[in-house]
Amino acid sequence: MRARVFVTLKPSVFDPQGTTVVEALHTLGYAAVKDVRQGKYFELEIDAATADEATRLASEAADKLLANPVIESYRIEVDR
Amino acid sequence: MKFAVVVFPGSNCDHDAHYAAEHVLGQQAELVWHKDTSLRGADVVVLPGGFAHGDYLRTGAIARFSPIMQEVKTFAAAGGPVLGICNGFQVLLEAGLLPGAMLRNRDLRFHCEHVYVRVEHTDTPFTAACEPGRRLRIPIAHGEGNYFADPDVVERLERNRQVIFRYVDATGAVTDAANPNGSVNNIAGLCNERRNVVGLMPHPERACELAVGSADGLVLFESAVKAVAEGAFAAAR
């Protein structure tokens, strides 16, 4: 089963890379893009019987390793 | 007394720290591989600068799984003096031995330059030979040294006098212009509540002889020697 983990900086944390990217997009003429937050994306192949179990394992992995809870939050999607 | 300098794959300031302890100060020093499971009776542990495990995932994030880190945690929990320099500081943060996290420098640039830091408190094993308020001119070399912690954590750090080094200008003033990376409250280094674990982004081990432009960093290592000699900070065995 495949879980997708999206890790992003918390809203309260300044994201200098995202700020630079949005400025570059404005230079390209994409004034409609108001904000960019840069993050990380992980695909986890998980040996799990159910989507709930895969979600639980992916959450544990994110809590313990994939994300740093001081500065990052995450979101998980699992194929059902 | 004996220093242990931990060597992770990707450490590149390990020999500088070893040199400072052994050749400049005349102390015993030993390089300890990250897969070792013994600190070999060291009195002081140094986690050096570099790019442990290639900075994969996040700086310092993988190093905390190195077998030696269990020993470092035990040593720290027993009150032993631990110094994390640059990447070693990042490892201490990821390992939970110090609070907070590092972000990319606010200007996204890798900064390699001499800066001034002010010694805020001298009741740690790495500032014991300093007078409070002393300015040190030592180099930084990092891309992710923008210290961040939640406001309540920062407030607690300040209240507990855990901010040990702060970026200042040549006159000793805390200014935004003197802050090379955007760190909250100009924090360049801090300690844990017990004050035996200290981390800082600047590189004191690269400023231990005038031949390299500054010897201001030596006082951190001299402090460790003093603190251990006085028995102020020793790992309970």
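Reading the values: the criteria
- Residues numbered from 1 in each chain as written.
- Chains lettered and ligands numbered in written order.
- Predicted model: local features only at pLDDT ≥ 70, side-chain atom pairs only at ≥ 80, totals over all residues.
- pLDDT = per-residue confidence, 0-100.
- Contact = placed C-beta atoms within 7 Å.
- Nonpolar A, V, L, I, M, F, W, Y, C, P; charged D, E, K, R; others polar.
- Buried ≥ 20, exposed ≤ 12 C-beta atoms within 10 Å, placed from the backbone.
- Helix = DSSP H or I, 4+ residues; strand = E, 2+ residues; numbered from the N terminus.
- Pairing = 2+ DSSP bridges.
- Right-handed = clockwise from strand over helix to strand, strands pointing away.
- Axes fitted to C-alpha atoms, helices over the stretch in contact; angles between N-to-C directions.
- Expected span 1.5 Å × (residues − 1).

Asker: Help me understand the confidence of the model for chain B in this model?
Answerer: It should be kept in mind that the predicted coordinates are not to be read in detail where pLDDT is low. A residue-level look at chain B finds 100% of positions with pLDDT of 70 or above and a mean pLDDT of 96. Quick note on the complex model: pTM equals 0.94, ipTM equals 0.86.

Asker: So what exactly am I meant to see when it comes to the interface of chain A and chain B here?
Answerer: Where interface size is given, it is often the accessible area lost as the parts come together that is meant. Between chain A and chain B, the residue contacts involve 7 residues of the former and 9 residues of the latter. Class assignment of the residues belonging to the side of chain A that touches chain B gives a composition of 4 nonpolar, 3 polar and no charged.

Asker: Teacher, can you tell me more about the pairing of strand β3 (residues 44-47) of chain B here?
Answerer: Note on strand geometry: in a regular strand, side chains alternate between the two faces of the sheet. Residues and elements named next belong to chain B. Side chains of β3 alternate between two faces, with V44 and V46 and V45 and L47 buried alike. Where strand β1 (residues 2-7) lies against β3, 3 bridges are found, and the strand directions are parallel. Its bridge partner lying in β3, V5 is registered against V46. One ladder, built from 3 bridges, connects β3 with strand β4 (residues 82-85); its direction is parallel. Its bridge partner lying in β4, V46 is registered against L83. Chirality of the crossover, the property in question, places the unit of β3, helix α2 (residues 68-77) and β4 among those that are right-handed.

Asker: I tried to follow the sheet that holds strand β2 (residues 28-33) of chain B on my own but got confused; where do I start?
Answerer: In a beta sheet, neighbouring strands pair by backbone hydrogen bonds and run either parallel or antiparallel. All names here are of chain B. Here we have 9 strands laid out as an open sheet, ordered β2-β1-β3-β4-β11-β10-β9-β6-β7, and mixed in their pairing. Each edge of the open sheet is held by one strand with a lone partner, namely β2 and β7 (135-142). In this sheet, adjacent strand axes meet at a mean angle of 25° when their direction is disregarded.

Asker: Explain the environment of B:E131 to me, please; I cannot follow it from the model alone.
Answerer: Residues and elements named next belong to chain B. Considering the arrangement of structural elements, one finds E131 in the loop between β6 (111-119) and β7. Given 9 C-beta atoms within a 10 Å radius, E131 is considered exposed. With 11 residues separating them along the chain, E131 and E120 place their C-alpha atoms 9.0 Å apart.

Asker: When you look at the pairing of β1(B) in this model, what are you seeing that I'm missing?
Answerer: Residue and element names in this part refer to chain B. Among the 6 residues that make up β1, 5 are buried, leaving the element largely enclosed by the rest of the structure. Two strands pair when backbone bridges link them, and β1 and β2 are joined in this way by 6 bridges, in the parallel orientation. Residue pairing in the sheet places F3 in a bridge with A29 of β2.

Asker: Where do I start with helix α5 (residues 218-229) of chain B in this structure?
Answerer: One full turn of an α-helix is made of 3.6 residues, so residues set three or four places apart face in the same direction. Residue and element names in this part refer to chain B. For α5, built from 12 residues, the straight-helix expectation of 16 Å at 1.5 Å per residue is met to within 8% by its first-to-last C-alpha distance of 17 Å. With 9 of 12 residues buried, α5 lies mostly within the body of the structure. Every buried residue of α5 is listed here: L218, V219, L220, F221, S223, A224, V225, A227 and V228. On its buried side, α5 packs onto α1 (14-24), β3 and β4.

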